[in-house]
Amino acid sequence: MTTTAVTTTPVVGFERVGKSYGSVRAVDGLTLALRPGETVALLGPNGAGKSTTLDLLLGLKQPDTGTVRVLGTSPREAIVAGRVGAMLQSGGLMDEVTVAELVRLACSLHPRPYPVSEVLARAGITRIADRKVDKLSGGQAQRVRFALATAGDSDLIVLDEPTTGMDVTTRQAFWATMREQADQGRTVLFATHYLEEADAVADRVLVLHRGRLLADGTAAEIKAKAGARRISFDLPDAPIDEERLRGLPFLATLDVSGSTVRIQSTDADATVHALYGLGLYPRNLEVAGLGLEQAFMMITAAEEAKSTC
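Residues numbered from 1 in each chain as written. Predicted model: local features only at pLDDT ≥ 70, side-chain atom pairs only at ≥ 80, totals over all residues. Heavy atoms only, no water.

A.B. asks: Break down the overall build of the chain for me, citing the residues and quoting the values.
C.D. replies: Along the chain, the regular secondary structure elements total 11 helices and 13 strands. Seen through its principal axes, the chain has C-alpha atoms that stretch 75 × 45 × 40 Å. Residues counted as buried form 46% of the 309 residues belonging to the chain. Restricting to contacts in the chain with at least 6 residues of sequence separation, those with at least 24 account for 70%. Surface summary for the chain: the accessible area is close to 15,000 Å², and the carbon and sulfur share equals 51%. (Helix = DSSP H or I, 4+ residues; strand = E, 2+ residues; numbered from the N terminus. Buried < 20%, exposed > 50% of the residue type's maximum accessible area, 1.4 Å probe, protein only. Contact = heavy atoms within 4.5 Å. Areas by Shrake-Rupley, 256 points an atom, 1.4 Å probe, with all protein chains shown as cover.)

Listed below in structure tokens is the structure:
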């Protein structure tokens, strides 16, 4: 995807940003920079600070400490100039108007609007343009929100759980459109619970935990940070003794389902060697890297364990 030189002014800049709600520290000294043309996934468990981070980015909330800059200006200035498009979970759509009327209104308010027909087509909602907004399915409503976020030529597109309610085909079409946006030099930032989407789509993954940036890198780098690999095999010839398996070296997790064993190990070679040392003969042995979801769970679980010590 398109990137620019590191000397370019960041599209988004957080510098030691903090935000609290009473005794709860929602964002804790967050520092990060997003660059033009990046597609960035924002991940974190519930309560990690994702929503507050997006609210600060969009000027919906003000930081207690630190500074937030968007395209070299304040968030509010960037939004007023039409340089930011946002698709949020919070807030409803206007009732008693048609899809086309709502999209036409969004285009009329944008300083650099696209033609209404182009916005409808990009969001895949041309066929439902004459339907009342309050008669839409959940997936159709999400596509309308996407249309409103891309009604004009913005430099930054912010998406909060954008594919909730969409079927598989619609999701694929949606992300193909977002890749086109990034290829044209726009920055796309999205928060999601669908970690397979982050793995497949994002150039860069940010992991938040208790308001702090826990990991920042490509999906491959995040997986490597977890420091573990997956081992799976079958033991069909004898009852499985889970206690013996729990004694394997470098074992992170163990799951036994029928005759199938699934392990996460921080040293797969040593674990497999020890497995044979127990006199076991695994069938269908597979060793592979962690998926992003498994790596995410390991990283956040390790941080939780540290915070409770």
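A.B. asks: Describe in detail the pairing of strand 10 (residues 229-234), supporting the description with residues and values.
C.D. replies: Across 6 bridges, the pairing between strand 10 and strand 12 (residues 260-265) is antiparallel. By the bridge assignment for strand 12, F233 is matched with V261. Bridge count between strand 10 and strand 13 (residues 283-289): 5 bridges; the pairing is antiparallel. Across the sheet, S232 pairs through a bridge with E286, a residue of strand 13. (Pairing = 2+ DSSP bridges.)

A.B. asks: So what about the packing of helix 3 (residues 99-109) against helix 5 (residues 138-149)? Which residues, and what values?
C.D. replies: Relative to each other, helix 3 and helix 5 sit at 25 degrees, their axes nearing to 9 Å. One finds that helix 3 runs roughly parallel with respect to helix 5. Our pair here, helix 3 against helix 5, has a crossing hand that is right-handed. Of helix 5, the residues touching helix 3 (which contributes V99, L102, V103 and A106) are V144, A147 and L148. Residues that form the contact of helix 3 with helix 5 fall into these classes: 7 nonpolar, no polar and no charged. (Axes fitted to C-alpha atoms, helices over the stretch in contact; angles between N-to-C directions. Parallel < 35°, antiparallel > 145°, perpendicular 65-115°, else oblique. Left-handed = near helix turned anticlockwise from the far one by under 90°. Nonpolar A, V, L, I, M, F, W, Y, C, P; charged D, E, K, R; others polar.)

A.B. asks: Summarise the environment of L278; cite the residues concerned and give the values.
C.D. replies: Inspection of the secondary structure assignment puts L278 in the loop between helix 10 (268-277) and strand 13. Along the backbone, L278 and R131 are 147 residues apart, and their C-alpha atoms lie at a distance of 66 Å. Setting aside residues up to four positions removed in sequence, L278 forms contacts with R244 and L248.

A.B. asks: A description of the side chain of R204 should follow, citing residues and the corresponding values.
C.D. replies: Summarising the element assignment, R204 is placed in strand 8 (residues 204-209). Here the side chain of R204 touches D216 through a polar contact of 2.9 Å, side chain to side chain. Setting aside anything within four residues of it in sequence, one finds R204 in contact with A33, L34, R35, E38, T39, V40, A41, D216, G217 and T218. (Polar contact = N/O pair within 3.5 Å; in protein donor to acceptor, adjacent residues only side chain to side chain.)

A.B. asks: Before we move on, could you go through a nonpolar patch on the surface and cite the residues and values that matter?
C.D. replies: Among the surface-exposed residues, Y276, Y281, L285 and V287 lie close enough to one another that they form a single nonpolar patch of about 400 Å² accessible area. Here L285 is to be found in strand 13. (Patch = residues over 30% accessible without salt bridge, like charges linked within 9 Å, V, L, I, M, F, W, Y side chains within 5 Å. Salt bridge = Lys/Arg side-chain N within 4 Å of Asp/Glu carboxyl O.)

A.B. asks: Can you tell me about the sheet that holds strand 1 (residues 12-21), naming the residues and giving the values?
C.D. replies: Here 3 strands make up an open sheet; going across it, the order is 2-1-4 and the pairing antiparallel. At either end of the open sheet lies a strand with only one pairing partner, and these are strand 2 (24-34) and strand 4 (65-70). Taken over all neighbouring pairs, the strand axes of this sheet differ in orientation by 25 degrees on average, direction set aside. Against the sheet, helix 1 (residues 50-57) contacts strand 1, strand 2 and strand 4, and its axis sits at roughly 120 degrees relative to strand 1.

On their own, these measurements won't tell you what the molecule is for.
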